Every structure is written in C-alpha cells, then in structure tokens.
Amino acid sequence: MDKKQATEILKNALKALDAIEHAGEIVIKIDKAARLELADPIEEIVGQLNYTLLPAIYHRYPELRPTEGERAAVSVYHCWEDVDLRGKISEAELDAILFSVMRPRWQKTMMVIARAEKRCQELKLQIEMVVLGLRLLVLAESDQIESQGPVRMWRHSEVRLRSAAELS
C-alpha cells in the first residue's frame with residue numbers, strides 16, 4: 001500500500017466510521033429489544049475501525065494522523081436498562097467498587113473502568129467493562145459523581161468523586 005492508497009482507505013474508513021457512529025447514536029435511543037440486537041455489532045465495528053484499522057494506517061503513515069490526536073469514539077451503545085446483574089452483584093455493590101477506584105481528582109473514564117475491572121477480577125466477579133462504563137454513566141447522570149465530557153466516550157471524558165462538602 002502506498003501513501004495515495006492509504007489516504008484513500010483512510011478517507012473512506014473515516015466516512016464509514018462517521019456513518020456507523022451516527023447509526024449507533026440512533027440505536028441508543030431505540031427500544032430495548034432492537035438495541036440489544038444492534039448495539040454489540042455496532043460496538044464491534046466501531047472498535048475495529050478505531051483500534052485496529054486506523055492505528056494500522058497511522059503506524060505506516062504517521063503523517064496521516066490528524067493533528068488533534070485520537071478521534072473521539074463512543075465506547076458503548078447500550079443503556080443501563082440493558083444490563084442484567086441477577087446473581088452476579090447488586091447495583092450498590094457495583095457502585096462501591098467504582099467508588100473505591102475513583103479519586104477526588106479528575107481521571108480518564110477509561111482508567112476508572114480499567115481499575116474497576118481489575119478490582120472485579122480480584123473479587124472473582126465477571127463484570128464486563130461495558131457494564132462498568134454504563135454504571136459510571138448512571139452515576140454521572142444522577143450527580144453521584146462529577147463528569148467532564150461525554151461519559152459514553154471513555155477515552156475522551158473524565159470522572160471524579162464529589163467532594164465531601166458537596167455531598168452534605
């Protein structure tokens with residue numbers, strides 16, 4: 001592949017990514033049954049484009065990487081109501097795990113999710129990252145934690161614990 005071909009592939013891959021991300025934004029808003037059927041394939045496609053195809057092109061031709069850095073990507077197209085915790089853990093226990101790995105200072109959402117996943121593994125709990133991310137979204141939307149940026153975009157948002165003064 002020469003640079004001209006890589007440029008053409010990149011141009012079309014970015015168009016495809018924009019289109020599939022737009023489809024994903026619609027999926028977030030549709031009924032649960034349809035969302036459950038469509039969210040996983042969309043997450044897979046977005047993941048392959050963002051974390052496999054684009055990095056391969058940028059590795060070979062670094063000058064094609066946008067100057068602003070990594071593209072913002074939605075990490076999850078599910079909603080909390082899609083999650084079934086039965087027999088695994090309660091919401092309160094899951095919240096406690098998330099709170100235990102958070103700090104009062106801003107941290108990337110992805111880092112908090114990764115730490116929470118590690119903590120779940122230590123506790124012998126099989127909780128997927130998507131579940132942890134969705135729970136963080138619920139905590140942010142209910143003002144139990146603070147957030148900056150769109151929490152669905154794990155690498156492009158930050159979260160932190162609320163200060164003790166705010167909680168009282």
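As the structure is a computational prediction, the values presented were derived from the model and not from experiment.

Conventions we followed
- Residues numbered from 1 in each chain as written.
- Predicted model: local features only at pLDDT ≥ 70, side-chain atom pairs only at ≥ 80, totals over all residues.
- Heavy atoms only, no water.
- Phe/Tyr/Trp six-rings, centres within 6.5 Å; stacked < 30°, edge-to-face > 60°.
- Lys NZ or Arg CZ within 6 Å of the ring centre and 35° of its normal.
- Salt bridge = Lys/Arg side-chain N within 4 Å of Asp/Glu carboxyl O.
- Helix = DSSP H or I, 4+ residues; strand = E, 2+ residues; numbered from the N terminus.
- Core = buried A, V, L, I, M, F, W, Y, C linked by side-chain atoms within 4.5 Å.
- Buried < 20%, exposed > 50% of the residue type's maximum accessible area, 1.4 Å probe, protein only.
- Contact = heavy atoms within 4.5 Å.

Things to note about the packing of aromatic side chains
- According to the stated counting rule, one finds zero aromatic pairs in the structure shown.
- Sitting over the ring of tryptophan 80, arginine 135 keeps its end group 4.8 Å from the ring centre.

Re the pattern of salt bridges
- In the structure shown here, the tally under the stated rule is 10 salt bridges.
- One salt bridge in this structure joins glutamate 63 and lysine 3, with 3.4 Å as the shortest N-O distance. Placement of the pair is glutamate 63 in the loop between helix H2 (32-60) and helix H3 (91-101) and lysine 3 in helix H1 (residues 3-29), with a sequence separation of 60 residues.
- Close ionic contact of arginine 160 with glutamate 146 constitutes a salt bridge, the shortest N to O distance being 2.9 Å. Separated by 14 residues along the polypeptide, arginine 160 in strand E3 (residues 158-161) and glutamate 146 in strand E2 (residues 145-148) bring together distant segments of the chain.
- One network of salt bridges, in which partners are shared, links Arg35, Glu81 and Asp82.

Quick word on the nonpolar core
- Ranked by internal contacts, the top residues of the largest apolar core, which has 28 residues, are Leu94, Val131, Leu132 and Leu136.
- Mapped by element, the contributors of at least two residues to this core are H3, helix H4 (109-122) and helix H5 (129-141).
- The dominant element in this core, judged by the number of residues it contributes, is H5, at eight residues.
- Apart from residues lying up to four places away in sequence, valine 131 is in contact with Trp80, Val83, Leu85 and Leu94.
- Judged by nonpolar contacts, the second largest core, of 18 residues, contains Leu49, Tyr58, Tyr77 and Cys79.

No statement about biological role is implied by the geometric values presented.
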